[in-house]
Amino acid sequence: MDLGLAGKTALVTGASKGIGRAAARALAAEGMRVALVARDAEALARAVDGIERAGGEAVAIPGDVSRLEDVERVVAETRERLGDASVLVANAGGPAAGEPTAVDEAAWSGAVDLTLMSAVRLGRAVLPAMRAKRWGRIVNITSLSVREPILNLTLSNALRAGVTAWAKTLSQEIAADGVTVNNVAPGYTATERLEELFADADAKRALVERIPAGRFGEPAEIAAAVAFLASAQAGYITGQTLVVDGGFVKGLM
């Protein structure tokens, strides 16, 4: 299926590894020019090299999306180097784990900027050009925790739910402008983040037993969902959250 993305520009954050890198690869494979953003410049350069070796077009823009000034800079640099972003994939590393009573004020403040405000600020920065062109796609990477909170991930549970509510509200405002806003909520996926949270082999085996698919997801599988929501064909889908979790979440909604 031709997703109708060739020749357009995508901005993908958290793109040096894991789901962000896979999303950048998937969009580049569809013929998009892709700006990859992350804090680790060396890892970012490797990710860009991988896309270029596969015949894609990509640039590395180091930046920290928890900082307002960096968000504004990377959006401006994307415009200068590749053109205005028609697709935004707002992805940021997960905040620190912790039980509700153990999370202090500093952790809350940092997580708000990283997880919630990065999506808000990125969306705000790319929207004027999207609305002017009457075409745009914003895809936020959240988590299955927006449907089923995960023990010990207090910050992620609260703030990714906030992203989901913000995206739903924004989608109502801009739908008539040809711009969609959706979320992809990954389940347990084979990334560095999973290794951080479940370093113990027995814990990983126990977790897999709870997943109906019987395995962890692959970053490329999450990226495929991102690419579809970014596509021309998904133009009538907005304000939605697509959970990609191998059947883990049991709820109907």
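Heads up: these notes are all about the structure in this document. Being a predicted model, the structure only gives us computed values, none of them experimental. (Residues numbered from 1 in each chain as written. Predicted model: local features only at pLDDT ≥ 70, side-chain atom pairs only at ≥ 80, totals over all residues. Heavy atoms only, no water.)

## Overview of the packing of aromatic side chains
Inspection of the entire model under this criterion finds one aromatic pair. With centroids separated by 5.2 Å and ring planes inclined at 75 degrees, the aromatic side chains of Y188 and F248 adopt a geometry described as edge-to-face. Taken together, the residues Y188 in the loop between β6 (179-186) and α6 (192-197) and F248 in the segment after β7 (241-244) connect sequence positions 60 residues apart. The ring centre of W135 lies 4.8 Å from the NZ or CZ of K8, which sits over that ring. (Phe/Tyr/Trp six-rings, centres within 6.5 Å; stacked < 30°, edge-to-face > 60°. Helix = DSSP H or I, 4+ residues; strand = E, 2+ residues; numbered from the N terminus. Lys NZ or Arg CZ within 6 Å of the ring centre and 35° of its normal.)

## So, helix α2 (residues 41-53)
Taking 1.5 Å of rise per residue, the 13 residues of α2 would be expected to cover 18 Å, and the 18 Å separating its terminal C-alpha atoms lies within 8% of that figure. Taken residue by residue, α2 has A43, L44, A47, V48 and I51 as its buried positions. Along the long axis of α2, the arc covered by the buried residues comes to 140 degrees, so they all point the same way. Among the exposed residues of α2, those pointing more than 90 degrees away from its buried face are E42, R46 and R53. (Expected span 1.5 Å × (residues − 1). Buried < 20%, exposed > 50% of the residue type's maximum accessible area, 1.4 Å probe, protein only. Arc of directions from axis to C-beta.)

## Details of the pairing of strand β2 (residues 33-38)
With five of six residues buried, β2 is to be regarded as a mostly interior element. Across five bridges, the pairing between strand β1 (residues 9-13) and β2 is parallel. Within the sheet, the bridge partner assigned to T13 lies in β2 and is V37. Traced from β1 through helix α1 (residues 18-29) to β2, the parallel crossover comes out right-handed. The sheet contact formed by β2 and strand β3 (residues 57-62) spans six bridges and is parallel. For V34, the partnering residue across the bridge sits in β3 and is A58. Regarding topology, α2 serves as the crossover connection from β2 to the parallel β3, and that connection is right-handed. (Pairing = 2+ DSSP bridges. Right-handed = clockwise from strand over helix to strand, strands pointing away.)

Take it as geometry only, folks, not as evidence of what the structure does.
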